[in-house]
Amino acid sequence: MHDFPKIVSVDDHVVEPPDVWSSRLPARYRDVGPRVVHAPKGEVTFVGGRLTVTMGAPGSGPDVAWWRYEDLCRPLMRLDAAVGFDRDEVDLRLVRYDQMRPGAFTVADRLADMDVSHIESSLCFPTFPRFCGQTFTEAADRELALLCVRAYNDWMVEQWCGAAAGRLIPLAIVPLWDAGLAAAEVRRNAARGVRAVCFSEIPPFLGLPSIHDRDHYWDPFFAACAETGTTINMHIGSSSKMPSTSADAPPAVGSTLTFANSCYSLVDWLLSGTFERFPELTIAYSEGSIGWIPYILHRADVVWRENRGWGGLGETVTVPPSELYRRHVYGCFFDDPHGLLSLDEIGADTVTYESDYPHSDSTWPDTRAVAERQMKHLPPETIEKIVRGNAIRMLGLTPDGRWAAAPDLPSADLPSADLPGPRG
C-alpha cells in the first residue's frame, strides 16, 4: 500500500539515561537515589515467571551497567533493547549502554528508528521504574520515592518528549501507595498536556487494594483521570507477576501466556462497577493482544444476565459488560491476525496498534510490513482507525498524530548520548 497511514504506536519502551534522577533530585538524595554503577554479573536465572539477577564480585568478569537504589541492584539487559540483534544474541545477557541500540535511550536515534518503521509517534513505558512505577512503590523511603516519581515525569515531559517535536507522547507514573498523591500527580501532569498514565493490571499482586475495594481506595485517582481525560494504561507485567504454570516452567511458557493477566484484569474492571461511578473514565491494555477479547465479552455478558442473583453484581453493573467495554476500553496488538478476524465482535473503534520497540517481541524494523500483511483484508477506513485514528482519540493527539504540550511548557534540547564508561 503506497499510502499506508503513518502509525501511532501506543506501546513502546524507553531505557532511561543514567542522569534522569541524579540530575533532578535534591542534592541530599543524589547519592542514594537511582544511579548507574558498573560491576560484573553474578547469577542470572529466569524460571517459573521469575527473573533473578545478582551482582558479581569486583573483578570476577566484565563490567555491565546496574541501577542502584536503596537495596535494589537492577542491571541493563539485552532484553531491554533487543532490536537490531540476531535472535541468537537475544538472551539473558547483561549489558552496558554502549552495547544497546542508541534509539533505546536517546531521542534523535529513536526518531530515526521510528522513521524506518513508518511510525509517526510513540508512547513509551518506563524500564527502571518498571511498567507502572512499582520500583518506587516498593521503596522504603517514601519521601525520596515521591521525588523520584516526579523527577521521572519531569524528564519524560520536558526532555524525552519535549525534544521530539510531538513525536514522543508522554506517559506518567504515579505514587501508587497513596491514591490522593496519585491523583495530584495526574493533575500536575495533565496541566502540562499529559493524557496517559501507567497503572497495574492487578494491583493486589503488588500488595495494593483491588479495584473492587469496598472503601473505593482508588477513587481519587480514578476521578482525577476521568476529570482530566487521562487514559489509564496497563501493560503486561505491570503487576510484577508474569503468567506461568509452575515454578519450574521455562520462560517460553509465560511468554506464550502474556495476555492472561490482561484477560483477568479486564474482567475485574468490567464487573467492578468502576465505570458506573466514573462514566468518563478510559482504560487501555498494552501488549495484551486482542484475539481473546470476544470470548471474554460473551462470557461476561452471560454471567451478567444469568448469574446476577448470586454473582455479586447487584446494582453495581447496570448494563452489559460488552457495552462497557466499547465505551471505556482500548485493546492493543502488534502481531495478532486472529484478533483482526474478530473485529466485528471486538469493535474496530477500540483497537490500537504498537511496535513494542525495543523489546524482543518488537516488529521493528518491519512494523509497517507486518501491519500491511495482517490488515490487507480490511477496508482503508478501518486500517486508519487501528493504526492511528483510535490512538489519536485515546491520547488526545493532534490530527496529524502528534503530542501537543501545554503552551507554557518550555522546550528541551536533545539529550546527549555522552554516557559514563564502565567503572570497577
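The text that follows walks through the structure, step by step, so that each part is easy to find.

About the thresholds
- Every chain begins its residue count from 1, and numbering advances along the sequence as written.
- Residue-level local features of this predicted model are given only where pLDDT is at least 70; pairs of side-chain atoms are given and counted only at 80 or more, and the full residue set underlies all totals for whole chains, interfaces and linings.
- Side-chain numbers here rest on the full set of heavy atoms in the structure, without hydrogens or water.
- Only protein chains enter the accessibility calculation, which uses a 1.4 Å probe; a residue is then buried when its area is under 20% of its type maximum, exposed when over 50%, and partly exposed in between.
- Going along the chain from the N terminus, every DSSP run of H or I of four or more residues is numbered as a helix, and every run of E of two or more is numbered as a strand.
- Working note: the arc is built from the helix axis to C-beta atom directions.
- The contact definition used throughout considers only heavy atoms, calling two residues in contact when any of these lie within 4.5 Å.
- When a carboxyl oxygen of Asp or Glu lies within 4 Å of a side-chain nitrogen of Lys or Arg, that pair is called a salt bridge.
- Our working definition of a disulfide is a cysteine sulfur pair at a distance within 2.5 Å.
- Whether two strands pair comes down to DSSP finding at least two bridges between them.
- Every axis in this analysis is a line fitted to C-alpha atoms, fitted for helices over the stretch in contact. Angles between the N-to-C directions lie between 0 and 180 degrees.
- Working definition: roughly parallel below 35 degrees, roughly antiparallel above 145 degrees, roughly perpendicular at 65 to 115 degrees, and oblique for all remaining angles.
- Here the term charged refers only to Asp, Glu, Lys and Arg, the term nonpolar to Ala, Val, Leu, Ile, Met, Phe, Trp, Tyr, Cys and Pro, and the term polar to all other amino acids, Gly among them.
- For the purposes of these results, a polar contact is taken to be a pair of N or O atoms within 3.5 Å, where, inside protein, one atom must be able to donate a hydrogen and its partner to accept one; residues adjacent in sequence count only when each atom of the pair is a side-chain atom.
- In this analysis, the expected span of each helix is defined as 1.5 Å times one less than the number of residues it contains.

**Here we look at helix H1 (residues 107–116)**
Turn by turn, an α-helix covers 3.6 residues, leaving residues three or four places apart pointing in a common direction.
So, step 1. Of the positions making up H1, those classed as buried are Val 107, Arg 110, Leu 111, Asp 113 and Met 114. All buried residues of H1 project into a common sector of 160 degrees when viewed along the axis, lining one side.
So, step 2. Structurally, H1 contributes buried residues whose contacts are with strand S1 (7–13), strand S7 (119–125), helix H3 (142–161) and strand S8 (168–169).
So, step 3. His 118 sits one or two positions beyond H1 and adopts a positive phi of about 65 degrees.

**Focus on the pattern of salt bridges**
So, step 1. Within this structure, the stated rule accounts for 21 salt bridges.
So, step 2. A salt bridge links Arg 192 to Glu 158; its shortest N-O distance comes to 3.2 Å. Of this pair, Arg 192 sits in the loop between helix H4 (179–190) and strand S9 (196–198) while Glu 158 is found in helix H3, placing the two residues 34 residues apart along the sequence.
So, step 3. Classification of Arg 192 by relative accessible area gives buried; the value is 12%.
So, step 4. Judged by relative accessible area, Glu 158 falls into the partly exposed class, the value being 30%.
So, step 5. Between Glu 384 and Arg 388 there is a salt bridge, and its shortest N-O distance comes to 3.5 Å. Note that Glu 384 and Arg 388 are positioned in helix H14 (residues 380–395) at a spacing of 4 residues, about one turn of the helix.
So, step 6. We classify Arg 388 as buried; its relative accessible area is 8%.
So, step 7. Look at the salt bridges and you will find they share partners, linking Arg 150, Asp 154, Glu 158, Glu 185, Arg 188 and Arg 192 into a network.

**Focus on the state of the cysteines**
So, step 1. Per the counting criterion, the structure on display carries 0 disulfides.
So, step 2. Among the cysteines around Cys 132, which has no disulfide bond, Cys 198 carries the closest sulfur, lying 7.1 Å off.
So, step 3. On the basis of relative accessibility, which here comes to 0%, the residue Cys 132 falls in the buried class.

**Considering the sheet that holds strand S2 (residues 35–39)**
So, step 1. What the 3 strands build is an open sheet, ordered S2-S5-S6; its pairing is antiparallel. The open sheet has two free edges, formed respectively by S2 and strand S6 (72–75), since each of these has just one partner strand. Within this sheet the neighbouring strands show an average axis-to-axis angle of 35 degrees, counted without direction.
So, step 2. Note: S2 against strand S5 (residues 64–69), 5 bridges, orientation antiparallel. When the bridges of S5 are listed, Arg 35 appears paired with Arg 68.

**Topic: the packing of helix H9 (residues 293–306) against helix H10 (residues 321–328)**
So, step 1. Relative to each other, H9 and H10 sit at 135 degrees, their axes nearing to 7 Å. Judged by the inter-axis angle, H9 sits oblique to H10. The segment H9 lies against H10, with Ile 293, Leu 297, Ala 300, Asp 301 and Trp 304 engaging Pro 321, Ser 322, Tyr 325 and Arg 326.
So, step 2. Of the residues that constitute the contact of H9 with H10, the class distribution is 6 nonpolar, 1 polar and 2 charged.

**Some points on the environment of Thr 135**
So, step 1. Take Thr 135: it is sitting in helix H2 (residues 134–137).
So, step 2. A sequence separation of 55 residues divides Thr 135 from Asp 80, and the C-alpha atoms of the two residues are 16 Å apart.
So, step 3. When residues no more than four places from it in sequence are discounted, the contact partners of Thr 135 are Tyr 69, Leu 72, Phe 128, Pro 129 and Arg 130.
So, step 4. At 2.8 Å, the side chain of Thr 135 forms a polar contact with the backbone oxygen of Phe 128.
So, step 5. In this structure the side chain of Thr 135 is engaged in a polar contact, spanning 3.2 Å, whose partner is the side chain of Arg 130.

**Structural notes on the side chain of Glu 185**
So, step 1. Structurally, Glu 185 can be placed in helix H4.
So, step 2. Residue Glu 185 is classed as buried on the basis of its relative accessible area, which comes to 2%.
So, step 3. With residues near it in sequence (within four places) discarded, Glu 185 still touches Val 149, Arg 150, Asn 153, Ile 173, Val 174 and Pro 175.

**A look at the side chain of Thr 137**
So, step 1. Positionally, Thr 137 belongs in helix H2.
So, step 2. If we ignore the near neighbours within four places in the chain, the residues touching Thr 137 are Arg 142, Leu 176, Trp 177 and Leu 208.

**Observations regarding unusual backbone geometry**
So, step 1. Note that the residue after Tyr 357, namely Pro 358, is joined by a cis bond; omega there is 0 degrees.
So, step 2. Relative to the helices and strands, Pro 358 resides in the loop between strand S13 (351–353) and helix H13 (367–375).
So, step 3. Residue Pro 365 is bonded to the preceding Trp 364 through a cis peptide linkage, with omega at 5 degrees.
So, step 4. With respect to the helices, strands and loops of the structure, Pro 365 is situated in the loop between S13 and H13.
So, step 5. Phi at Ala 165 is positive, roughly 55 degrees, even though this residue is not glycine.

**Quick notes on H4**
So, step 1. The terminal C-alpha atoms of H4, which comprises 12 residues, lie 16 Å apart, in line with the 16 Å expected from a rise of 1.5 Å per residue.
So, step 2. If you check which residues of H4 are buried, you get Ala 179, Ala 182, Ala 183, Glu 185, Val 186, Asn 189 and Ala 190. With its buried residues spanning 160 degrees around the axis, H4 presents them on a single face.
So, step 3. For H4, the secondary structure elements touched by its buried residues are H3, S9 and helix H5 (219–228).
So, step 4. Structurally, the start of H4 carries an N-cap: the backbone nitrogen of Gly 180 is 2.9 Å from a side-chain oxygen of Asp 178.

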